[in-house]
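Structure assessment
Each chain, written out:
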Amino acid sequence: MPILRVHGMSHDFGGLRAVQDYRLEIETGQIRGLIGPNGAGKTTIFNLLTGIYTPTAGEILLDGRRINGLPAHRIASMGISRTFQNLLLWRHMTVLEHVKLAHYSKIRYGLFGAFFGTPGRNREEAEIEEKALRLLDRMGIRHLAEQVVLNLPYGAQRRVEMARALATEPRILLLDEPTAGMNPEELVQIMEIIRRVHGEFGLSILLIEHRMKVVMELCEIIQTLDFGAVIAEGTPEEIQNNPRVIDAYLGQERRG
Amino acid sequence: MPVMGRTIRNLRASYSQVPLLGWLCGALIAVTLERFAGTPIALALGLPKIPALFGLDIMLKKPILVPNAILYVFLVYGLPMGATTRSSISLTNRLAGRLFRFPIAITVAVHLALLYTTLHLWAGISDYRALVLKLTLIAVMLTLSLNVINGYMGEFSCSHPGFMALGAYCASVFTVGLFVDDRLFGAVFLPPGLGPFLFPVALILGGFLASFGALFVAIPSFRTRGDYLAIISLAFLFIVKSLIENLEFVRGPRGLSGQPDLADLPTVFLWTVLCVWSINNFVRSTIGKALNAVRDNEMAAGAMTVDTRRTKIVAFLFAAFWAGVAGGLFAHVLRYVNPSTFGIQNLAEVLAMVYFGGLNSVYGSIVGAVSISLLGEALRPLEIFKWIIIPLLLILVMIFRPTGLIAFKDLDVTSLLRPKRKPGGEV
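For chain B, the count of helices and strands is 18 helices and two strands. The C-alpha atoms of chain B give 23 Å as radius of gyration, which agrees with the globular expectation for 427 residues (22 Å, within 12%). The dimensions of chain B, computed from C-alpha atoms along their principal axes, are 65 × 55 × 45 Å. A buried classification covers 43% of the 427 residues belonging to chain B. The contacts of chain B with a sequence gap of at least 6 include a subset with a gap of at least 24, amounting to 79%.

Structure (C-alpha cells):
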C-alpha cells in the first residue's frame, strides 16, 4: 500500500488553475522526481502536500488518512517534511538551534517546564541536543553547530536545511530543488547525501529538480508537469524518450 | 600615546579577571562606605548632602559643584570598588570557584543575596533612592516582558500600559477591598497582618487579568502576520484606559488611592528576579526558540512542526502576565493609580527602553530599563531638555546600533557566575 496517495487534487489561485487533477502514489522507500518548466506548478504541489495551501479539490491521504485541510505543523509532525527552493532558514538562529527546533512536536515538557526550568525539561533539552548533534554529525556539519546560519556558505546552508527537515523524523521528504545554485563539487556531495539519507532513514523522497543528471540518476519514477497537469509519468528512460516531455521541457537536441 | 594605550589595555585585562562575585563584593563595600561615611565626605567636599543619583543631579542643578560631585563619586564608588576588586582577584576567584562546586541554585542564591544587600544599603540612604530603585526594577520587568513580543517574537505590540493598568487596578481592588477601611469597598475584611501573605495572590490575579485581556488582542491579530497587532493593541490600550476612566467603582479619572504599603524593596526585588528568571528560562527553551523561528520565517516554522499560532498566543499572554504583575507592584509602590498614567507616554518610555537596550536580549532589557529610568531621574533638573536628550540618545543608538545596545544575548547563568580565572593559576 502506498504511504502517500493523492488523487484528483486541483488548486486555483483566483481564476488561475495552478494544479489540475494531480495524482501521486509514493511507496515506502521510493525516490520520485517531479520535473517541468518554470511555473508548471511543482512548488505549488509541495505547498499543497505540506498544508501551506489547502487544495480546492481532491484528496491527500497519508497512510489512508485524509490530511488536506490540516494546518502545516500537524502535517509536518505526521511525517511529511520538506526543504524550500529558496532556503527558508531562520537567520538569527544557530545551526544547532535549527535542528533542535525541528523536534518541537515531540517535546513532552509543557509550558510549566519552559517557564520554570524543571529537571524534566533540562533532561529533555539535553536529549534533544544530543540527538541534534548526532544528526549534524551524520550530515557533516557538526563543526558548524554554534554558527549563526547567516554567516554560512550556500552549500552549508543547504545541508542545514536538509538536517532540519530530517530532524522532524519524516517518512516522506520533499526536496525542492536541493541543488539550485550549487557548484559541481557541492552537487556531487548533495547527491551523496540524498542517497545516504534515503538508505539510512528508509525515506520516501519526492524531488523537484531542474538538473536532468540528478533526476535521472536518483529517481525511480519521474512525473513531468506542464501548466499544472501531469503530461507524462515513467522511468527515466521512458521520460527521456517521451515526445511530449521533449516538446514541453527537455527540448530537441539539434543534430548535425 | 602608546604608553597610555598599553596601560588601559593592562587595566582592562586585569579587571576582566574579576568574577561577578568580586564586583558584587566591591559594590557592597562601596555602599557600606557611603552608608557610614557618606555624609561627612559629602559635607567635606562642600556638597549639601549625599548625591542621590551618582552626583548627576547635583551637577545639573549647580554646575559649580561638578568637580566636587565627580570627586565624591570617585572617592565613594570608584576608588573602593576599583581597589578592592583588583586586589582581591585571586581571593574572589577562589571563592567563586568553591561556590561553583555547590548546586547552581545555591551559587545563584549567594549572588542574589549580595546584590540585594548592596541595593538595600544603597537605597537606605534616602526615600527618594528607594523609590527610584523600585520603579527601576518594575521598569526591568516591563521592558523584558515587552521584549518577548517586540524582540523575540518580532511583532510590534503597543498594549503594554494597558496590561499594566489591568494588573494595577486588579491588585489594588483586591488589597484595598480586603485590608483597608475604605469608603467604596467597605470596612476591613481581613486583618491587615495577612497583607504580605495575600499580596502575591493579588499580583498573580492582576497578571491573570492582564493575560485575559491579552487574549482579546491575540485572537484577532494572530490569524495572519502583518501590522494588525500594532493597530489592535493600540486600540486595546485606549479601550482599557477609557474603560477605567468610566468605571465609578474604581473612582474613574480621579484614580484609586490608599493601597496598603505592601510593595517594599524585598518584595519588588523578589518579583523582578522571578520575572527575569522565568522569561529567561522561557526564551532559552526549545519552546521559546520557536518564537525566533516564527519571527524569522513563519512558513518554515510551520513546516518544521511548530504550532505557530499557539506559540504566538502563549508568548503574548505570558508577556501580558508579567506586565500585569509589574502594574500591580507599581500601584502599591506609589500607593495611588489613575488611568492617565497608563497612556501613550508610558508606552513610549517602555518602547524606548526595549529598543535602547537591545532586541531579543535579556541583558539588553535590563540595561535599557536601568539606564533609561536612572537617566530620566538624573536629568530631571533639566526639565524640558530631558525630553530632548533622551530621544537624542535613542536616535544615536538607532543609527549606530540598529538593534540596540546589547541585542541577541540571553542570560547564561553558568557563564555569568563562573570564576574568571582558574584558582591559583596564572592569568
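After that view of the structure, there is still more to cover.
What follows is about unusual backbone geometry. Here A:Glu169, not a glycine, exhibits a phi torsion of approximately 55°, which is positive. Phi at B:Phe408 takes a positive value of approximately 55°, unusual for a residue other than glycine. When you line up the elements, B:Phe408 lands in the loop between α17 (386-400) and α18 (413-417).

Moving on to the interface of chain A and chain B. Facing the 31 residues of chain A at the interface are 24 residues of chain B. Here the residues of the side of chain A that touches chain B sort into 16 nonpolar, eight polar and seven charged.

Residues and elements named next belong to chain B. Across the interface, helix α6 (residues 104-123) lies against helix α7 (residues 127-152) with an axial gap of 8 Å and an inter-helix angle of 140°. Our classification of the angle between α6 and α7 gives oblique. Between α6, through Leu119, Trp122 and Ala123, and α7, the contact on the second element is made entirely by Arg129, Ala130 and Leu133. Among the residues forming the contact of α6 with α7, the class breakdown is five nonpolar, no polar and one charged.

Before going further, it helps to examine helix α15 (residues 344-357) of chain B. Residue and element names in this part refer to chain B. For α15, spanning 14 residues, the distance from its first C-alpha to its last is 20 Å, which sits close to the expected 20 Å at 1.5 Å a residue. Turning to α15, its buried residues are Leu347, Val350, Ala352, Met353, Val354, Tyr355, Phe356 and Gly357. Contacts from the buried residues of α15 go to α7, α8 (160-179), α10 (228-245), α16 (362-378) and α17. After α15 finishes, the residue Gly358 shows a positive phi value of roughly 135°.

Let's shift gears to the domain arrangement of chain B. Residues and elements named next belong to chain B. Assigned domains within chain B: domain 1 (2-123) and domain 2 (127-415). Taken together, the contact pairs 14 residues of domain 1 with 16 residues of domain 2. Every element with two or more residues in the side of domain 1 that touches domain 2 is listed here: α3 (56-61) and α6. Sort the elements by how many residues they give to the side of domain 1 that touches domain 2 and α6 lands first, with eight residues. Tallied by class, the residues present in the side of domain 1 that touches domain 2 amount to eleven nonpolar, one polar and two charged.

What counts, and where the lines are drawn
- Residues numbered from 1 in each chain as written.
- Chains lettered and ligands numbered in written order.
- Predicted model: local features only at pLDDT ≥ 70, side-chain atom pairs only at ≥ 80, totals over all residues.
- Helix = DSSP H or I, 4+ residues; strand = E, 2+ residues; numbered from the N terminus.
- Rg over C-alpha atoms; globule rule 2.2 N^0.38 Å.
- Buried ≥ 20, exposed ≤ 12 C-beta atoms within 10 Å, placed from the backbone.
- Contact = placed C-beta atoms within 7 Å.
- Nonpolar A, V, L, I, M, F, W, Y, C, P; charged D, E, K, R; others polar.
- Axes fitted to C-alpha atoms, helices over the stretch in contact; angles between N-to-C directions.
- Parallel < 35°, antiparallel > 145°, perpendicular 65-115°, else oblique.
- Expected span 1.5 Å × (residues − 1).
- Domains from an automatic or database assignment.

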